[in-house]
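Commentary on secondary and tertiary structure
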Amino acid sequence: MNKKLNLLLVSILMLSSTLLLAQYNRKQLLLEQANNLRRMRDYNLVLDIYEVLMRDYSDDLEVVDGYIMALLNLERTDEAEKALNTYKTIFPSEKYIDYSVQISLRKGEVKKGRKDALDFLAENPGKMNLYSDLASVFEMYRMNDVAIEILLKARTVAKDKNLHAYELARNYQSFNKRSEAIEEYVRHLSHNPGYQYTVNNKVKEIIGEEPKLIAELKKLVENSSNQSLKELYAVSLVKIEEYEEALIVYNGLEPQKLLSFANELAASGNKELAIQAYELCIERVDDPLLRADVGLKLADTLISSNKLEDAETILLSIVGDQGLQDRKVRYRTQANRTAREILAKLSIKKGENSNEVIKWYDEAKSFTYNAIEKGSLELQIIRYLVMLEEYSVANNRLDKLLSKEHSGSQLAKTGHYYRFILEIMQTTEASDSLLTEMIVSDPGSKETSEALFLTSVVGSMSDTIKKVFLKVYRMKSNYQELEALELIVSNESYLQNEELRILAAELAYSLEHFDLAETLFAEKYQDDTLLGYATLCLSMLKSENKESYRVVLTEFLKEHPTHVFSSYLRQMLEISSNMNTP
């Protein structure tokens, strides 16, 4: 900003405050204006205000301090040094040495700054706060070795081996003395458990850079009973993917920590170890509500690992837990309902009699909180019956459910979708009008999106292919993936239809028949959308082989540079290239 304009603005500010001067101190008013401008980082105008203040208040410490700070903010180091020496007598010695060291470091006079700081500390050994203050100055200017030297002197003077542990750790880490940094972080955390999150992250960062240091961390904490230190070791093990060792350590921590680790394992796809962690957690949890929640997480992980019988055993133990039926806790948990709902889906997966499936859903209803939840479970029964081709029974249950609903309720809107499913599975023309109704009443819902998808897919199919597609859709919905895949691949003519071929590829992938999935995704597709989707899936199948992954993407982009998927696939290729750039 122009100097004259700066002075003009300052003058305006001063004139505008004339009427207030009778009530407020002029100096204080200008100082407040300077502070406001400093927060806005307008340091030129800040300095202009202090230059005005210096005319009348050059013997005021607050004014001179702010003036020197403004000069330093503008990198006018020589002027700041001159002012500091001119007004040296009004500064406390601690403040003077702070500024003096800063100025030396700004001028590149590191040896002088270090000597002045150490000499001052030697002359004032009892002022312990000065060690930390001066060390922070050197740390600010990345002179971490000098900061460490000062902090260690403070520790010697105070005869306290734990003094300034966190500051030392931080400086050691910045100075790439990782081993020393870990030792100081451990020392700090052992006396300050409130720093758990911060220290965890700092040490994980170090261990990630130099994994072999995990052995040193282990030595520091293995004989300690301090839970904070044990957790630090556990999260560090996780950082370098030593999951089995981490599980042993977590099992010695409070159950909630173990549960968090189990959740982390499950989320990362380490299912086998997650199962072990959940099982250990259940053994250690006394609260029946928490134990039931852990059981549900365990059951979910077992199901995703295709260990259906083990999952059923866990769920039945939740269902049979009489403590959960107590009136005091019955409605404080969703476990009663959720366990039965999952058992219903397990029964479908196992191909059990429909009565068994519906029994579990009906039991789940008795643990719901309101009519909306009951209705949601009833709709699941209806969908299941539709997928079994029990159309008449499903229709009667839907009529009964919706007869009690107001036409504008969410349940009634969702009911349009179930009407649509009933009709399209029977290939009646009524499905078209129902779709229109859904688009008008519930345009953004996932049900409407699915109805649009089904309509667009089957619309151009021959009657024969349409029947096969809808049958496969029903089988897939009832977890009969293998039977659905066998139905498609059993007839070569079915694979000529691109939608059925894509569906077969998806089924093969979900069943871990990766060779078949790759073959089907790699075939040529005439439909542009299916071609892009197939290429995307094929690249994911080849993601472990970086060269093959890039070949799939490169060839597609060469042949289809303007395809609707090209922008996204190009980004994937760029990310892959960047990850392999040294």
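Residues numbered from 1 in each chain as written. Predicted model: local features only at pLDDT ≥ 70, side-chain atom pairs only at ≥ 80, totals over all residues. Heavy atoms only, no water.

1. Examining the overall build of the protein chain
Each helix and strand counted, the protein chain has 34 helices and zero strands in total. Relative to its length of 582 residues, the protein chain is extended, with a C-alpha radius of gyration of 36 Å against a globular reference of 25 Å. Seen through its principal axes, the protein chain has C-alpha atoms that stretch 100 × 65 × 60 Å. Here the protein chain holds 582 residues, and the buried ones make up 44% of them. A separation threshold of at least 6 residues defines the contact pool for the protein chain, and within that pool the share at least 24 residues apart is 51%. With the model as given, the accessible surface of the protein chain reaches about 30,700 Å², and the carbon-plus-sulfur share is 50%. (Helix = DSSP H or I, 4+ residues; strand = E, 2+ residues; numbered from the N terminus. Rg over C-alpha atoms; globule rule 2.2 N^0.38 Å. Buried < 20%, exposed > 50% of the residue type's maximum accessible area, 1.4 Å probe, protein only. Contact = heavy atoms within 4.5 Å. Areas by Shrake-Rupley, 256 points an atom, 1.4 Å probe, with all protein chains shown as cover.)

2. Some points on a negative patch on the surface
On the surface, Glu241, Glu242, Glu244 and Glu245 cluster together into a patch of negative charge. Position of Glu244 relative to the elements: it lies in helix H15 (residues 243–250). (Patch = residues over 30% accessible without salt bridge, like charges linked within 9 Å, V, L, I, M, F, W, Y side chains within 5 Å. Salt bridge = Lys/Arg side-chain N within 4 Å of Asp/Glu carboxyl O. Lys, Arg positive; Asp, Glu negative; His and termini not counted. Charge placed at Lys NZ, Arg CZ, Asp CG, Glu CD.)

3. Brief notes about the packing of helix H22 (residues 371–387) against helix H24 (residues 410–425)
Two numbers describe how H22 lies on H24: the axes approach to 10 Å, and their chain directions differ by 5°. Between H22 and H24, the interaxial angle falls into the category roughly parallel. Where H22 approaches H24, its residues Gly375, Ser376, Leu379, Ile382, Arg383, Val386 and Met387 are matched on the opposing element by Leu411, Thr414, Tyr417, Tyr418, Ile421, Leu422 and Met425. Its residues placed into classes, the contact of H22 with H24 shows ten nonpolar, three polar and one charged. (Axes fitted to C-alpha atoms, helices over the stretch in contact; angles between N-to-C directions. Parallel < 35°, antiparallel > 145°, perpendicular 65-115°, else oblique. Nonpolar A, V, L, I, M, F, W, Y, C, P; charged D, E, K, R; others polar.)

4. Observations concerning H22
Over its 17 residues, H22 extends 24 Å from the first C-alpha to the last, a length consistent with the 24 Å expected when each residue adds 1.5 Å. Counting buried positions along H22 yields twelve of 17 residues, so the element is predominantly enclosed. When H22 is considered as a whole, its buried residues turn out to be Glu373, Gly375, Leu377, Glu378, Leu379, Gln380, Ile381, Ile382, Tyr384, Leu385, Val386 and Met387. In this structure, the buried side of H22 is in contact with helix H20 (335–349), helix H21 (354–365), helix H23 (391–402), H24 and helix H27 (463–477). Looking one or two places after H22, you find Glu389, whose phi comes out positive at around 65°. (Expected span 1.5 Å × (residues − 1).)

5. A word on the packing of aromatic side chains
What the rule picks out here adds up to six aromatic pairs. Arranged with centres 5.0 Å apart and planes meeting at 80°, the rings of Tyr417 and Tyr418 form a pair that is edge-to-face. Per residue, the accessibility class of Tyr417 equals that of Tyr418, and both read buried. Plain terms: the ring middles of Tyr509 and Phe514 are 5.5 Å apart, the flat faces sit at 65° to each other, and that makes the pair edge-to-face. (Phe/Tyr/Trp six-rings, centres within 6.5 Å; stacked < 30°, edge-to-face > 60°.)

6. Points about the side chain of Thr301
Its place among the elements puts Thr301 in helix H18 (residues 288–304). Setting aside anything within four residues of it in sequence, one finds Thr301 in contact with Ala266, Lys271, Ala274, Ile275 and Tyr278.

7. Considering H15
Residues of H15 that are buried include every one of Ala246, Leu247, Val249 and Tyr250, and no others. Looking straight down H15, one finds that the buried residues subtend no more than 160° of arc, so they occupy a single side. For H15, the exposed residues lying more than 90 degrees away from the buried face are Glu244 and Ile248. In the core, the buried residues of H15 are packed alongside helix H14 (227–239), helix H16 (255–267) and helix H17 (271–284). (Arc of directions from axis to C-beta.)

8. Some remarks on the confidence of the model for the protein chain
Per-residue confidence for the protein chain gives a mean pLDDT of 89; residues scoring 70 or more make up 95%. For residues 15–24, every residue scores under 50 in pLDDT, and the model assigns this stretch two contacts once sequence neighbours within four places are set aside. (pLDDT = per-residue confidence, 0-100.)

9. Looking at the pattern of salt bridges
For the coordinates displayed, the defined rule picks out 39 salt bridges. Between Arg337 and Glu341 there is a salt bridge, with the nearest N and O atoms lying 3.1 Å from each other. Here the residue Arg337 and the residue Glu341 both occupy positions in helix H20, the gap between them amounting to four residues, near one helical turn. Both residues of the pair, Arg337 and Glu341, belong to the buried class. In this structure, Asp399 and Arg419 form a salt bridge, with 2.3 Å as the shortest nitrogen-oxygen distance. Of this pair, Asp399 sits in helix H23 while Arg419 is found in helix H24, placing the two residues 20 residues apart along the sequence. Taking relative accessible area as the criterion, Asp399 reaches 34% and is therefore assigned partly exposed. The structure contains a network of salt bridges with shared partners spanning Arg155, Glu183, Glu184 and Arg187.

10. Details of the side chain of Ser566
Inspection of the secondary structure assignment puts Ser566 in helix H34 (residues 566–579). The class for Ser566 is buried, based on a relative accessible area of 2%. Not counting residues up to four positions away in its chain, the partners in contact with Ser566 are Phe556, Leu557, His560 and Pro561.

11. Structural notes on unusual backbone geometry
Positive phi, normally seen in glycine, also occurs at Arg41, with a value near 60°. Tracing the backbone shows Arg41 in the loop between helix H2 (26–39) and helix H3 (43–57). Using a relative accessible area of 63% as the deciding quantity, one classes Arg41 as exposed.

12. Digging into the environment of Ala181
Along the chain, the position of Ala181 falls in helix H11 (residues 178–191). The spatial distance from the C-alpha of Ala181 to the C-alpha of Asp528 is 56 Å, given a sequence separation of 347 residues.

13. Re the environment of Ile282
Mapped onto the fold, Ile282 is located in helix H17. With a relative accessible area of 21%, Ile282 lands in the partly exposed category. In this structure the C-alpha to C-alpha distance between Ile282 and Asp293, which are eleven residues apart in sequence, comes to 9.4 Å. Residues contacting Ile282, with those up to four places away along its chain left out, are Arg291, Val294, Gly295 and Leu298.

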